[in-house]
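Here are the chains, one letter per residue:
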Amino acid sequence: MQVTATGLVLEGVMGLDFIGIDPETGKEGSPTVWLDRANRRIVFQGVKAEEDLEAEVGGRSWAPDHEAGIPGHEAVVWIPTRMIPILRKACDDAERDGLL
(Lines give C-alpha, C1' and ligand atoms only; values in the text may rest on other atoms or scores of the structure.)
Protein backbone atom coordinates (compact mmCIF):
# COMPACT_ATOMS: atom_id res chain seq x y z
CA MET A 1 0.00 0.00 0.00
CA GLN A 2 1.24 3.47 -0.86
CA VAL A 3 -0.08 6.70 0.63
CA THR A 4 0.45 9.59 -1.76
CA ALA A 5 1.29 13.22 -1.08
CA THR A 6 -2.39 14.05 -1.50
CA GLY A 7 -3.48 11.37 0.96
CA LEU A 8 -4.78 8.94 -1.66
CA VAL A 9 -4.05 5.29 -0.94
CA LEU A 10 -2.84 3.19 -3.85
CA GLU A 11 -2.63 -0.57 -3.55
CA GLY A 12 -0.47 -2.80 -5.72
CA VAL A 13 1.38 0.06 -7.38
CA MET A 14 4.81 -1.11 -8.47
CA GLY A 15 6.49 1.09 -11.06
CA LEU A 16 4.84 4.49 -10.84
CA ASP A 17 4.87 6.87 -7.91
CA PHE A 18 1.82 9.11 -7.93
CA ILE A 19 2.85 12.77 -7.66
CA GLY A 20 -0.42 14.60 -8.11
CA ILE A 21 -3.66 15.16 -9.95
CA ASP A 22 -5.30 18.31 -11.30
CA PRO A 23 -6.76 19.86 -8.15
CA GLU A 24 -9.85 20.97 -10.07
CA THR A 25 -10.52 17.63 -11.71
CA GLY A 26 -13.87 15.98 -11.55
CA LYS A 27 -14.46 12.26 -11.41
CA GLU A 28 -13.49 11.77 -15.07
CA GLY A 29 -10.61 12.99 -17.18
CA SER A 30 -7.90 13.60 -14.66
CA PRO A 31 -4.64 15.21 -15.76
CA THR A 32 -2.14 13.37 -13.58
CA VAL A 33 1.63 13.20 -13.01
CA TRP A 34 3.67 10.16 -11.94
CA LEU A 35 7.37 9.55 -11.42
CA ASP A 36 8.70 6.32 -12.93
CA ARG A 37 11.97 5.95 -11.06
CA ALA A 38 12.89 2.58 -12.59
CA ASN A 39 12.80 4.02 -16.11
CA ARG A 40 13.97 7.52 -15.11
CA ARG A 41 10.99 9.41 -16.53
CA ILE A 42 8.06 11.59 -15.62
CA VAL A 43 4.73 10.26 -16.91
CA PHE A 44 1.79 12.52 -17.77
CA GLN A 45 -1.86 11.91 -18.36
CA GLY A 46 -3.15 15.01 -20.06
CA VAL A 47 -5.81 16.26 -22.38
CA LYS A 48 -5.35 15.39 -26.06
CA ALA A 49 -4.42 18.46 -28.05
CA GLU A 50 -7.08 20.06 -30.16
CA GLU A 51 -6.54 19.86 -33.93
CA ASP A 52 -5.34 23.46 -34.19
CA LEU A 53 -2.85 23.03 -31.33
CA GLU A 54 -1.55 19.78 -32.78
CA ALA A 55 -1.20 21.46 -36.18
CA GLU A 56 0.76 24.33 -34.62
CA VAL A 57 3.10 21.99 -32.76
CA GLY A 58 3.59 19.67 -35.73
CA GLY A 59 3.65 22.34 -38.37
CA ARG A 60 7.24 23.45 -37.99
CA SER A 61 10.63 22.49 -36.66
CA TRP A 62 11.15 23.80 -33.14
CA ALA A 63 14.79 22.74 -32.71
CA PRO A 64 17.82 22.83 -34.99
CA ASP A 65 18.25 19.72 -37.13
CA HIS A 66 14.77 18.39 -36.30
CA GLU A 67 12.13 17.81 -38.91
CA ALA A 68 8.67 19.26 -38.55
CA GLY A 69 5.86 16.92 -37.62
CA ILE A 70 4.83 14.65 -34.79
CA PRO A 71 6.20 11.11 -35.09
CA GLY A 72 3.62 8.35 -34.90
CA HIS A 73 4.96 7.14 -31.55
CA GLU A 74 4.48 10.57 -29.93
CA ALA A 75 1.44 12.61 -28.91
CA VAL A 76 0.70 16.20 -27.99
CA VAL A 77 -1.15 16.58 -24.70
CA TRP A 78 -1.66 19.51 -22.41
CA ILE A 79 -2.10 19.93 -18.70
CA PRO A 80 -3.38 23.05 -16.92
CA THR A 81 -0.88 25.57 -15.56
CA ARG A 82 -2.44 25.16 -12.11
CA MET A 83 -0.51 21.88 -12.03
CA ILE A 84 2.88 23.64 -12.04
CA PRO A 85 3.45 22.82 -8.34
CA ILE A 86 2.82 19.14 -9.13
CA LEU A 87 5.24 19.23 -12.07
CA ARG A 88 7.81 20.98 -9.89
CA LYS A 89 7.47 18.25 -7.25
CA ALA A 90 8.00 15.53 -9.88
CA CYS A 91 11.13 17.31 -11.12
CA ASP A 92 12.42 17.91 -7.60
CA ASP A 93 11.83 14.28 -6.62
CA ALA A 94 13.62 13.02 -9.75
CA GLU A 95 16.56 15.33 -9.13
CA ARG A 96 16.76 14.43 -5.43
CA ASP A 97 16.79 10.74 -6.33
CA GLY A 98 19.63 11.25 -8.81
CA LEU A 99 17.58 10.35 -11.86
CA LEU A 100 19.07 13.09 -14.06
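Criteria and thresholds
Numbering of residues starts from 1 in every chain and runs along the sequence as written. In view of the model being predicted, local features appear only for residues whose pLDDT reaches at least 70, and side-chain atom pairs are presented and counted only at 80 or more, with totals across whole chains, interfaces and linings using the full set of residues. The side-chain values count all of the structure's non-hydrogen atoms but skip hydrogen atoms and water molecules. We count a stretch as a helix when DSSP gives it H or I for four or more residues in a row; a strand needs E for two or more, and each element gets its number in order from the N terminus. For every residue, the accessible area obtained with a 1.4 Å probe (protein chains only) is divided by the maximum for its type, and the residue is called buried under 20%, exposed over 50%, and partly exposed between those limits. Here, two residues are considered to be in contact whenever any of their heavy atoms come within 4.5 Å of each other. Under the convention used here, a 1.4 Å probe and the Shrake-Rupley method define accessible areas, while residue burial counts only the protein chains that appear. Nonpolar side chains (Val, Leu, Ile, Met, Phe, Trp, Tyr) within 5 Å and like charges within 9 Å form the patches, drawn only from residues with over 30% relative accessible area and no salt bridge. By salt bridge we mean one thing: a side-chain nitrogen of Lys or Arg within 4 Å of a carboxyl oxygen of Asp or Glu. The convention is simple: Lys and Arg are positive, Asp and Glu are negative, and His and the chain ends are not counted. To locate a charge, take NZ of a lysine, CZ of an arginine, CG of an aspartate or CD of a glutamate. Given the number of residues in a helix, its expected span is that number minus one, multiplied by 1.5 Å. By construction, the arc corresponds to the directions joining the helix axis to the C-beta atoms.

Enquirer: Quick rundown of the overall build of the chain? Include the residues and the values.
Expert: Check the secondary structure of the chain and you find 2 helices and 7 strands. Going from the N terminus to the C terminus, the chain shows its helices and strands as β-β-β-β-β-β-α-β-α. The proportion of buried residues among the 100 residues of the chain is 24%. Across the chain, the fraction of contacts at a sequence separation of at least 24, relative to all contacts at a separation of at least 6, is 43%. In the form shown here, the chain has an accessible surface area of approximately 7,300 Å², with 54% of it arising from carbon and sulfur atoms.

Enquirer: Account for unusual backbone geometry, naming residues and giving values.
Expert: Of note, the phi angle at Arg 40 is positive, near 55°, even though the residue is not glycine. Tracing the backbone through its elements, the reader meets Arg 40 in the loop between strand 4 (32-36) and strand 5 (41-45). Arg 40 sits in the partly exposed class, given a relative accessible area of 49%. Non-glycine residue Asp 65 carries a positive phi angle of around 65°. By the secondary structure assignment, Asp 65 is in the loop between helix 1 (51-58) and strand 7 (77-78).

Enquirer: Could you give an account of a negative patch on the surface, with specific residues and numbers?
Expert: Taken together, the side chains of Glu 50, Glu 51, Asp 52, Glu 54 and Glu 56 present a region of like negative charge at the surface. One can find Asp 52 in helix 1. Of the residues examined, Asp 52 reaches a relative accessible area of 59% and is grouped as exposed.

Enquirer: Hey, could you go over the environment of Val 76 for me, with residue numbers and the actual values?
Expert: One can find Val 76 in the loop between helix 1 and strand 7. It is 6.4 Å that separates the C-alpha atoms of Val 76 and Lys 48, two residues lying 28 residues apart in sequence. Every residue in contact with Val 76, bar those within four places of it in the chain, is listed here: Val 47, Lys 48, Ala 49, Val 57 and Ile 70.

Enquirer: Describe helix 2 (residues 84-96), with residues and values.
Expert: Taking 1.5 Å of rise per residue, the 13 residues of helix 2 would be expected to cover 18 Å, and the 18 Å separating its terminal C-alpha atoms lies within 8% of that figure. Looking only at helix 2, the buried set comprises Ile 86, Ala 90, Asp 93 and Ala 94. Seen along its axis, helix 2 keeps its buried residues to an arc of 100°; they face one direction. Helix 2 presents Pro 85, Glu 95 and Arg 96 as exposed residues on the side facing more than 90 degrees away from its buried surface. Positive phi shows up at Gly 98, right after helix 2, with a value of about 70°.

It is worth stressing that arrangement in space is one thing and function is another; only the former is reported here.
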